[in-house]
Amino acid sequence: MNGVLDWFGDSANWHGPDGVPVLLGQHLLLTFASVLIALVVGLPLALWLGHRHRGGLLVINLTNIGRAVPIIALLSLFSLTVLGTGTLGPFGRAGLATLVTLALFALPPIVTGAYTAVVGVDGDVVEAARGMGMGEVAVLRRVELPLAAPLIISGIRLAVVQVWATATIAALVSGPGLGNIITYGYANNQTAIVVSGSLIVAVSALVLEVTFLVLAKVVDPGRRSGA
Amino acid sequence: MVPQFAPPLDVTFGDNCLTRNEWICGKYYETRSEELQTALVQHVETVLASVLLGLVIAIPLALLARRYRTLEGIVVGATTAIYTIPSLALFSLLVPYTGFGLRTVVIGLGLYSLTILVRAILDGLAAVPADVRESARGMGYGPARMLWRVEVPLALPAFMSGLRVATVSAVALTTVGSILDYGGLGDLIIEDSTFKAQVLAGSVLCVALAVALDVVLVVLQRLLTPWARAGRRTKAVVG
């Protein structure tokens, strides 16, 4: 494992366009951009469905489909369509396909989290709010949303962590980010590089997860999220 | 570009759906059915082996965690930490020890299913109502008989839904094994990412496999818990 230590010690791996900081930046940008897209598309829909207590089956199926479809398959399929033509700024070759694929993988946790959160709000509280003359939008915004917030946030956390992991796999097909260190290592038969890249990917994923857990405790110390 | 004169299969000559690179191509299925079958068999074997491995480790681990409460936090924490590691990295970290191929993929996937299965078993056992346990104890059930005759049947629905999640996830994650040249249908997708008919066939078969295995497990669950159909009114409270 000396090769791994050498790799980490080699300053060439920490500078330049293929250096770890640049790849890490790409990975962060890709992850947060796709989660943002999924939020814009999925959150309003999930909140409204939850408010109306409808579409539970749709939400469950979304999760099941998301679990069954391999990222490699979806990304490869999209890359062969219009989405895969050309590069998209920092998202690289087939950037749009990568972004859309990852956004789709961010949807299930976000939608499920928000839907179950709003559905789970105590019916008596909602009834009382309606009795006080609140309109539907006001009930959602001023009663259901604040009560559902912790679960909604934990769904978003799950989405970020999942997309972070999925974005690594995206490097198998196309796309920027930390996964490229690993695929580069395989392509050149350099186990040391493969292991080094994997360590960076694994540690960064754990750091991301722990950061979120700490953040959740700081923001909402009274409650301990179960998810 | 230098024109390639490597002798290809005769099907690549002339105008057909393979040379036109069409999404749906009968000629592809005609000429590559053997390749498809090999990939599918490899995929199924990998999934079954990894879920089985996960089960063999998860069951004693969950029972230990339940018996010794201090262990529970450690077991759940450790398996969750493994789950956080992206599959590409996990497989790759195993390579220096287990090499390329079947072993690495099965161990990697087994570790992932471990997380889901341990939780499912613990959740299932925790959902057994205390008064049911109390009655069984009152009837003279010892710990082993209690586990087999009372707790396991009642924990079965939660356990089976965990097993379904683990299996379906394993089908999708097996494709990542293509980095080790052992990804079943994933190998077909990665082999040539411009070959439309093959990418589509690999993807569709992969999803179909996930659905098929899920259906098998649903049927199995129904057979194992015949009382559930009769007692749909007593819905379990989801915590």
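Residues numbered from 1 in each chain as written. Chains lettered and ligands numbered in written order. Predicted model: local features only at pLDDT ≥ 70, side-chain atom pairs only at ≥ 80, totals over all residues.

Peer 1: Provide a residue-level description of the overall build of chain A, including the pertinent values.
Peer 2: When helices and strands are counted, chain A shows nine helices and zero strands. Across its three principal directions, the C-alpha atoms of chain A cover 70 × 45 × 30 Å. Within chain A, the fraction of its 227 residues that count as buried is 45%. (Helix = DSSP H or I, 4+ residues; strand = E, 2+ residues; numbered from the N terminus. Buried ≥ 20, exposed ≤ 12 C-beta atoms within 10 Å, placed from the backbone.)

Peer 1: Tell me about the overall build of chain B, and name the residues and values.
Peer 2: In terms of helices and strands, chain B carries nine helices and zero strands. What you see in chain B, going N to C, is helices and strands ordered as α-α-α-α-α-α-α-α-α. Over its C-alpha trace chain B gives a radius of gyration of 23 Å, far above what one expects of a compact globule, namely 18 Å for 239 residues. Oriented by its inertia axes, the alpha-carbon framework of chain B measures out at about 80 × 45 × 25 Å. Within chain B, the proportion of its 239 residues that are buried is 38%. For chain B, the proportion of contacts with a sequence separation of at least 24, taken over those separated by at least 6, is 69%. (Rg over C-alpha atoms; globule rule 2.2 N^0.38 Å. Contact = placed C-beta atoms within 7 Å.)

Peer 1: Before we move on, can you summarise the environment of Thr98(A) with the specific residues and values?
Peer 2: Residues and elements named next belong to chain A. The residue Thr98 is located in helix H5 (residues 95-119) in this model. Exposure remark for Thr98: the 30 C-beta atoms within 10 Å place this residue in the buried category. Sequence separation between Thr98 and Val118 is 20 residues; the distance between their C-alpha atoms is 31 Å. Residue contacts for Thr98: discarding those within four places in its chain leaves Leu30, Leu75, Phe91, Ala170, Ser174 and Gly175.

Peer 1: Outline unusual backbone geometry, listing residues and values.
Peer 2: All names here are of chain B. Although it is not a glycine, Asn21 adopts a positive phi angle of roughly 55 degrees. With respect to the element layout, Asn21 can be found in the segment before helix H1 (26-67). If you check the backbone angles, Asp181 has positive phi at about 60 degrees while not being a glycine. Mapped onto the secondary structure, Asp181 falls in the loop between helix H6 (143-174) and helix H7 (185-191).

Peer 1: Can you break down the interface of chain A and chain B residue by residue, with the values?
Peer 2: Each side of the interface is counted separately: chain A has 28 residues, and chain B has 32 residues. At the level of elements, helix H3 (56-68), helix H4 (71-79), helix H7 (136-170), helix H8 (179-187) and helix H9 (191-219) of chain A are the ones that each hand at least two residues to the side of chain A that touches chain B. No other element matches H9(A), which puts nine residues into the side of chain A that touches chain B.

Peer 1: Provide a residue-level description of the environment of Ala120(B), including the pertinent values.
Peer 2: With respect to the element layout, Ala120(B) can be found in helix H4 (residues 102-126). Given 24 C-beta atoms within 10 Å, Ala120(B) falls into the buried group.

Peer 1: I'd love a proper account of the confidence of the model for chain A, names of residues and values included.
Peer 2: Detail in the predicted coordinates should be disregarded across regions flagged by low pLDDT. Summarising the model, chain A shows a mean pLDDT of 89, and 96% of its residues fall at 70 or more. The secondary structure element of chain A with the lowest average pLDDT is helix H1 (residues 2-9) of chain A, at 86, and the one with the highest is helix H2 (residues 20-52) of chain A, at 94. (pLDDT = per-residue confidence, 0-100.)

Peer 1: Could you give me a rundown of the nonpolar core, with the residues and numbers involved?
Peer 2: The biggest cluster of nonpolar side chains holds 124 residues, and the ones touching the most others in it are Ala106(A) and Val171(B). The element contributing the most residues to this core is H7(A), with 16 residues. What Ala106(A) contacts, discounting residues up to four positions off in sequence, is Ser34(A), Val35(A), Ala38(A), Ala159(A) and Val163(A). (Core = buried A, V, L, I, M, F, W, Y, C linked by C-beta atoms within 7 Å.)

Peer 1: Run through the packing of H1(B) against helix H2 (residues 69-84) of chain B, naming residues and quoting values.
Peer 2: All names here are of chain B. Taken N-terminus to C-terminus, the directions of H1 and H2 make an angle of 140 degrees; their axes are 5 Å apart at the nearest point. In terms of their interaxial angle, H1 and H2 are classed as oblique. Contacts between H1 and H2 involve Leu61, Leu64 and Ala65 from the former and Leu71, Glu72 and Val75 from the latter. Taken together, the residues that form the contact of H1 with H2 break down as five nonpolar, no polar and one charged. (Axes fitted to C-alpha atoms, helices over the stretch in contact; angles between N-to-C directions. Parallel < 35°, antiparallel > 145°, perpendicular 65-115°, else oblique. Nonpolar A, V, L, I, M, F, W, Y, C, P; charged D, E, K, R; others polar.)

Peer 1: An account of H7(A) is requested, with residue identities and associated values reported.
Peer 2: With 35 residues, H7(A) extends only 41 Å from end C-alpha to end C-alpha; this falls clearly short of the ideal 51 Å at 1.5 Å per step. Most pronounced at Ala149(A), the bend in H7(A) amounts to some 60 degrees, and the proline Pro150(A) follows within four residues. (Expected span 1.5 Å × (residues − 1). Bend = angle between axes of the 7 residues up to and from the residue.)

Peer 1: Tell me about the confidence of the model for chain B, residues and numbers included.
Peer 2: Residue and element names in this part refer to chain B. With 90% of its residues at a pLDDT of at least 70, chain B reaches an overall mean of 88. Of the regions scoring below 50 in pLDDT, residues 1-7 engages in zero contacts with residues more than four places distant in sequence or in other chains. Model confidence for the complex: the whole-complex pTM is 0.87, and ipTM, which rates the interface, is 0.86.

Peer 1: A description of the environment of Leu29(A) should follow, citing residues and the corresponding values.
Peer 2: The residue Leu29(A) is located in helix H2 in this model. With 152 residues separating them in the primary sequence, Leu29(A) and Ile181(A) have C-alpha atoms 17 Å apart.

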